[in-house]
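# Close look at the chain arrangement
Here's the letter readout for the chains.
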Amino acid sequence: MSNATDQGLLEALLDSWDRNNTILVNLLRALPEGGLEARAMEGSPSISELFTHIHYVRLVFVFEDAPEFAKSLPEKEWAVERDPGRIARMLNESAMTVRDAVKSRVEAGRDMDLHYDHPILLLQHMLWHEGYHHGQMKLALKLSDRQMSDKEAGPITWRVWMRKK
Ligand code: NI
């Protein structure tokens, strides 16, 4: 890493990643009764499966792109997991794995092994992917009559982005 500006930018990017994971775990914690089993329609993944998919995708990309940080992959990509505490632990662990992999490659000035023009693109890819699935989870809740109000969702999602330390 060349200078203080670069280090500051890297910290801000990693902070955005941490906030994204906080929002995801906040949504998990705020799910109404039966929320993990909700799905947008017949044949769509349940919210539980969307969470385990997100966890799996994070680990697969680290495995392929920065294998020195690889953790063992779950057997199933779309696993049905009913324990929210366990899902939260999985998400916190894989968020840290992505963080460590990206931080290390950026600081070392090393490209990723398989994808991406720059290691930061792994972070951006995961942010986009997870925002996409976050919207699907909210839709699944709505379609199964478990809609979260804006008043409920705002402070634990959007406001996490804008909060000043
Ligand atoms: Ni996906």
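A brief report on the enclosed structure follows. (Residues numbered from 1 in each chain as written. Predicted model: local features only at pLDDT ≥ 70, side-chain atom pairs only at ≥ 80, totals over all residues. Heavy atoms only, no water.)

This part covers the coordination of the nickel ion. Surrounding the nickel ion are the protein donor atoms His 53 (NE2), His 129 (NE2) and His 133 (NE2), at 2.1 Å. Site description for the nickel ion: donor spacing in sequence, H-x75-H-x3-H. Taken together, the residues span a long stretch of sequence, with His 53 in helix 2 (residues 47-65) and His 129 in helix 4 (residues 120-143) at a distance of 76 residues. (Donors = N, O, S within 2.8 Å, 3.2 Å for Na, K, Ca; no water. Helix = DSSP H or I, 4+ residues; strand = E, 2+ residues; numbered from the N terminus.)

In this section: the side chain of Glu 81. Residue placement: Glu 81 occurs in the loop between helix 2 and helix 3 (84-108). By relative accessible area, Glu 81 is classed as buried at 15%. Of the polar contacts made by the side chain of Glu 81, one reaches the backbone nitrogen of Asp 83; its length is 3.1 Å. (Buried < 20%, exposed > 50% of the residue type's maximum accessible area, 1.4 Å probe, protein only. Polar contact = N/O pair within 3.5 Å; in protein donor to acceptor, adjacent residues only side chain to side chain.)

Here Arg 19 shows up in helix 1 (residues 4-30). Using a relative accessible area of 14% as the deciding quantity, one classes Arg 19 as buried. A distance of 3.2 Å separates a polar side-chain atom of Arg 19 from the backbone oxygen of Trp 161. Not counting residues up to four positions away in its chain, the partners in contact with Arg 19 are Val 160, Trp 161, Met 162, Arg 163 and Lys 165. (Contact = heavy atoms within 4.5 Å.)

Right, let's get into the environment of Leu 24. With respect to the helices and strands, Leu 24 occurs in helix 1. In the structure, Leu 24 is positioned 67 residues away from Leu 91 in sequence and 8.4 Å away in space, judged by C-alpha atoms. Excluding residues that lie within four positions of it along the chain, Leu 24 makes contacts with Phe 51, Ile 54, Arg 58, Leu 91, Glu 130 and His 134.

To continue, consider helix 1. The first and last C-alpha atoms of helix 1 sit 38 Å apart over 27 residues, in line with the 39 Å expected at 1.5 Å per residue. Its side-chain oxygen placed 3.0 Å from the backbone nitrogen of Thr 5, Asn 3 serves as the N-cap of helix 1. (Expected span 1.5 Å × (residues − 1).)

A separate point is helix 4. Within an α-helix, residues lying three or four positions from one another point in the same direction, as the helix has 3.6 residues per turn. Between its first and last C-alpha atoms helix 4 spans 35 Å; for 24 residues at 1.5 Å apiece the expected length is 34 Å, and the two agree. Those residues of helix 4 that sit buried are Ile 120, Leu 122, Leu 123, Met 126, Leu 127, His 129, Glu 130, His 133, His 134, Met 137, Ala 140 and Leu 141. Tucked into the core, helix 4 has its buried residues touching helix 1, helix 2, helix 3 and helix 6 (158-162). Just downstream of helix 4, Asp 145 is the residue with a positive phi angle, here 60°.

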